[in-house]
Number of protein chains: 2
Amino acid sequence: MQRAVRVGLIGFGTIGTGVVKLLKKNREQIRDRVGIPVNLVRIADIDTKRDRGVRLAKGVLVPDARAILNDPSIDIVIELMGGTGLARRFMLEAIQAKKDVATANKALLAHHGDEIFAAVERAGVEIGYEASVGGGIPIIRTLRESLGGDRHSALFGIVNGTTNYILSKMSEAGGEFAEVLAEAQTNGLAEADPTFDIDGVDAAHKLTLLVQLAFGCGCRFSDVATEGIRSITQEDIAFAGEFGYALKHLAVAVRTKDSIEARVHPAMVPLRHSLAAVNGALNAIVVDGEALETSMYVGLGAGMMPTATAVVGDLMEIARNRLHGCRGRVAPLGYPLSVRTRVRPLAASAASGTFYLRMRALDQPGVLARISGILGRAGVSIASMIQREPQRRGPVTLVFRTHCANHRALRRAVTAIHKLKAVRGEVVVIRIEDSLAQ
Amino acid sequence: MQRAVRVGLIGFGTIGTGVVKLLKKNREQIRDRVGIPVNLVRIADIDTKRDRGVRLAKGVLVPDARAILNDPSIDIVIELMGGTGLARRFMLEAIQAKKDVATANKALLAHHGDEIFAAVERAGVEIGYEASVGGGIPIIRTLRESLGGDRHSALFGIVNGTTNYILSKMSEAGGEFAEVLAEAQTNGLAEADPTFDIDGVDAAHKLTLLVQLAFGCGCRFSDVATEGIRSITQEDIAFAGEFGYALKHLAVAVRTKDSIEARVHPAMVPLRHSLAAVNGALNAIVVDGEALETSMYVGLGAGMMPTATAVVGDLMEIARNRLHGCRGRVAPLGYPLSVRTRVRPLAASAASGTFYLRMRALDQPGVLARISGILGRAGVSIASMIQREPQRRGPVTLVFRTHCANHRALRRAVTAIHKLKAVRGEVVVIRIEDSLAQ
């Protein structure tokens, strides 16, 4: 019988440091709960010099991941190096060497999940990736196990802390997108290169995983229609508030008759909905099940210690399964890949909904008629319109709310409106999510 | 290798019917996920005649639980009969026969958990009780496994749907407690005998379990200081709103230096707190961890299908563990009873806090001075006071908000105030939970 599990960590950054701290601080508790100690025996990182504020025994920190991958005494490899190149290779090597793996790398799993999960199934090892979505919120295990007897009809939520922080801040304290982003970067709440977060790529990575977990079907990263928050202005937030909505960056997946609609975009959420109150660095995921109906999971979606709890939770599960000789007890997605259905993703352009349109146009006779004419001919019916007096001479702001409209037709109309001489700058399109459950 | 698991159900009421429906409806999905079919082969209930709207094969429904307990071919027994007498005996018999068990019976586990959990550990079988707290919200598995690497500092929430419905309804639609309760009984949202719910007993049962799961320490039902909602009036709800609070029936557990404070009572929750928006039949549990910080779990806390998802989730976990030969992989509480600490529960009377006091007193000179004198001598300092003009001649309503005060001293003061001739009727004391995280 196994006396302890030996863990190697590749990538000694923020989350890695959190894992080291948590394993040390709660050492006895973890051993008592699992039944055997979980020992972190080696850490590989190119930077072996930087002080991370944790004391390690001599020889634990090494510069080369091979010292972990090639060590047959190491049972579990934690991959926290990020990226999809070397990380993928190391993961596959670890799995082929019959090691169990744990990771927080949603990009890797969104792009190479099929390959990695298949390797895990073949090797009969374990993969933990609770930290890859929602930080410490146990949404992966919840979908993979707890709710496995239900059929889900929809899943939506706030899964990126950076965009939620920026939108919350813009809404609470004012300020335009660029300033609030710069401030978030100063405070360490946005990356130096924030592209993945603010353009919705990170949220789409996470949604790719959530769709597969919740609906039992395949989902490729390219199946997710993705929009970021760069074009959101104070004006949009103010209009949203006036209409009774909060502006949120949502990840949404809806099961339709024979398809899955998966999309990431800014959205207007009714102020009475619980998601409207999820602010700052919090994440929240709402799951709609046929039997369970609506349930919601809220917590810090990032950060050293919150994310570390998810990694340590995975280590404990893997250690338990090793101790009890039942590795591979649960398939990576909660069901074997062999039973996964492949559904045709619904092209985002085909998904219908209600929309908010904002544009600036010259205050000339006939402009409004031309714009509404274009919308009308596209079959987009207008629910309400606001025209604001210009502060100085110049273009006026026009805001439209549509009735339920076909997204593709709407986009075509927007392109036509954008080409009008009297219309200046971008036409901003934001989905209104009136139909969210709860 | 096991080809299927055979399940027997004792107690064919609402939840039992939900379990039958869900197992039937999602039969293939459950088999695919677990790896083998989960077959419900026998149901025992005294009432074998009533039409529950589900079709059963002939001979499945029997009047005697012995047909399940004494059948060696049955692997898992679901106990949904309720109560703490026969249910306890049946559970212990099933466990001793090396059957796995699943239950929704919080009363049983709150009163006899030590005995049942010890029997489970000894027999090396499995016990699932996800359905016993929060309906389908997977809070048990979350505390037992996902968050097992963290140390929790507090846990609080709304864990009784009946009281939450009544308070939400009183607050939204008006009406006094007795009318709203009667209406809830008509709508099937309160039991014919609502005592366990409205007096907080059900919530205290659940808190007894949550404390043990979250803090790794023993907790007896009698350790929980329990108050119900019978004395809450429209006046209290209106004052709460004026002060910026919602009135909720909370279960609260706080880890102090060397003790656990566990209590169930009505409380004023700041309107900006997420719990304030949890209305109707919803339950919500907030967990404060040292590493994860605040996380929250929200969903329907009762009802046929929501609760059935939790039971079926347990069946799937047990079936997986049988298939993979790892029964007993996780101890009933997430840690073996042998490492459970026994902490002295903090007498509720000793817990300090800030409070709201409402009383009716004759509008006479000196009355206010006498009341404030009693509070002052007890060391209870007043933060604010409101006196309302009486609608007709008669006693006026006095409302006090205290600064942080010792609960025992406050209770003594309240007893003294109650004895004043000028004070009429009950003195209502409601805790103000200003310090809730998030």
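Thresholds, definitions, all that
Counting of residues starts from 1 at the beginning of each chain's written sequence and follows it residue by residue. The order in which chains are written sets their letters, starting at A; the order in which ligands are written sets their numbers, starting at 1. In view of the model being predicted, local features appear only for residues whose pLDDT reaches at least 70, and side-chain atom pairs are presented and counted only at 80 or more, with totals across whole chains, interfaces and linings using the full set of residues. Copy-to-copy superposition: least squares on the C-alpha atoms, limited to residues that have pLDDT of at least 70 in both copies. We call two residues in contact whenever the C-beta atoms placed from their backbones are within 7 Å. Three exposure classes are used, based on other C-beta atoms lying within 10 Å of a residue's own C-beta, which is placed from the backbone: buried for 20 or more, exposed for 12 or fewer, and partly exposed in between. Segments assigned H or I by DSSP are reported as helices when at least four residues long, segments assigned E as strands when at least two residues long, and all are numbered from the N terminus. The arc under discussion is defined with respect to the helix axis, by the directions toward the C-beta atoms. Residue polarity is assigned by list, with Asp, Glu, Lys and Arg as charged and Ala, Val, Leu, Ile, Met, Phe, Trp, Tyr, Cys and Pro as nonpolar; anything else, Gly included, falls into the polar class. In short, DSSP must find at least two bridges between two strands for them to pair. Note that the domain bounds reflect an automated or database-derived domain assignment. Only buried Ala, Val, Leu, Ile, Met, Phe, Trp, Tyr and Cys residues enter a nonpolar core, and they are joined through C-beta atoms within 7 Å. Axes here refer to lines fitted to C-alpha atoms; in helices the fit is confined to the stretch in contact. Angles between the N-to-C directions go from 0 to 180 degrees. Throughout this description, any angle smaller than 35 degrees is read as roughly parallel, any larger than 145 degrees as roughly antiparallel, any in the 65 to 115 degree range as roughly perpendicular, and the remainder as oblique. Crossings are classed by handedness, with left-handed meaning an anticlockwise turn of the near helix from the far one by less than a right angle and right-handed meaning a clockwise turn. What pLDDT expresses is the predictor's confidence in each residue, scored from 0 to 100.

Quick word on the relation of the copies chain B and chain A
Then, number 1: Expressed as a screw transformation, the operator carrying chain B onto chain A has a rotation angle of 180° and an axial translation of 0.0 Å, and the superposed copies differ by an RMSD of 0.0 Å. One copy is carried onto the other by what is essentially a two-fold rotation axis. Closest approach to the rotation axis among the C-alpha atoms of chain B is made by B:Y297, whose C-alpha sits 2.5 Å away.
Then, number 2: With an isologous cut-off of 70% or more, the 98% of interface residues of chain B that recur at the interface of chain A puts this contact in the isologous class.

Digging into helix α11 (residues 234-243) of chain B
Three- or four-residue spacings in an α-helix give side chains the same orientation, since the helix completes a turn every 3.6 residues.
Residues and elements named next belong to chain B.
Then, number 1: Those residues of α11 not exposed but buried are D236, I237, F239 and A240. An end-on view of α11 places all buried positions within 165° of arc, on one side of the element.
Then, number 2: Note on α11: the residue one or two positions beyond its end, G244, has a positive phi of about 95°.

Here's the deal with the interface of chain B and chain A
Then, number 1: Tallying the contact residues gives 50 residues for chain B and 49 residues for chain A.
Then, number 2: If you list the elements that add at least two residues to the side of chain B that touches chain A, you get α2 (27-34), α6 (139-146), β12 (293-300) and α12 (304-323) of chain B.
Then, number 3: The leading source of residues in the side of chain B that touches chain A is α12(B), at 9 residues.
Then, number 4: Across the side of chain B that touches chain A, the residue classes break down as 21 nonpolar, 18 polar and 11 charged.
Then, number 5: Pairing of strand β12 (residues 293-300) of chain A with β12(B), which is carried by 5 bridges, proceeds in the antiparallel orientation.

Quick look at the domain arrangement of chain A
All names here are of chain A.
Then, number 1: Segmenting chain A into domains produces domain 1 (5-132 + 304-339), domain 2 (140-300) and domain 3 (351-432).
Then, number 2: The distance between the C-alpha centroids of domain 1 and domain 2 comes to 27 Å.
Then, number 3: At the junction of the two partners, domain 1 supplies 14 residues and domain 2 supplies 16 residues.
Then, number 4: With 6 residues, the top contributor of residues to the side of domain 1 that touches domain 2 is helix α5 (residues 106-123).
Then, number 5: Partitioning the side of domain 1 that touches domain 2 into residue classes produces 8 nonpolar, 4 polar and 2 charged.

So, the sheet that holds strand β5 (residues 100-103) of chain B
Residues and elements named next belong to chain B.
Then, number 1: Strands sit in the order β3-β2-β1-β4-β5-β6 across an open sheet of 6 strands; the sheet is parallel. A single partner strand is all that each edge strand has here, and the edge strands are β3 (61-62) and β6 (127-128).
Then, number 2: Note that strand β1 (residues 5-10) and strand β2 (residues 38-44) share 6 bridges and pair parallel. Bridging from a neighbouring strand, G8 pairs with R42 of β2.

Considerations on the nonpolar core
Then, number 1: Within the largest apolar cluster, 298 residues are counted, with the highest numbers of intra-cluster contacts made by A:L207, A:A253, A:V311, B:L207, B:A253 and B:V311.
Then, number 2: When neighbours within four sequence positions are excluded, B:A253 is seen to be in contact with B:A154, B:L155, B:F156, B:L207, B:L210, B:V211, B:A214, B:I260, B:E261 and B:A262.

Focus: unusual backbone geometry
Residue and element names in this part refer to chain A.
Then, number 1: Positive phi is not limited to glycine here, since K98 has a value of about 65°.
Then, number 2: Mapped onto the elements, K98 comes out in the loop between α4 (86-96) and β5 (100-103).
Then, number 3: Using a count of 12 C-beta atoms within 10 Å as the deciding quantity, one classes K98 as exposed.
Then, number 4: A positive phi angle, near 65°, is found at E293, a position not held by glycine.

A closer look at the packing of α2(B) against α12(B)
Residue and element names in this part refer to chain B.
Then, number 1: One can describe the packing of α2 onto α12 by two numbers: an axis separation of 10 Å at closest approach and a directional angle of 40°. Looking at the two axes, α2 sits oblique to α12. Handedness of the α2/α12 crossing: right-handed. Contact residues: I30, R33 and V34 in α2; M316, A319, R320 and L323 in α12.
Then, number 2: Of the residues that constitute the contact of α2 with α12, the class distribution is 5 nonpolar, no polar and 2 charged.

A look at the pairing of strand β2 (residues 38-44) of chain A
Residue and element names in this part refer to chain A.
Then, number 1: Among the 7 residues in β2, 5 count as buried, and that is most of the element.
Then, number 2: With 2 bridges connecting them, β2 and strand β3 (residues 61-62) associate as parallel partners. Residue I43 lies in a different strand from β3, and its bridge partner there is L61.

Some points on the confidence of the model for chain A
Then, number 1: On average, residues of chain A carry a pLDDT of 94, and 99% of them reach 70 or more.
Then, number 2: Confidence estimates for the predicted assembly give a pTM of 0.96 and an ipTM of 0.95.

Some thoughts on the packing of helix α5 (residues 106-123) of chain B against helix α10 (residues 201-215) of chain B
Residues and elements named next belong to chain B.
Then, number 1: It is the contact of α5 with α10, at a shortest axis distance of 8 Å, that shows an interaxial angle of 55°. Taken together, the axes of α5 and α10 lie oblique to each other. You can see that α5 and α10 cross each other, and the crossing is left-handed. Here K106, A107, L109, A110 and G113 of α5 come into contact with α10, specifically with D202, H205, K206, T208 and L209.

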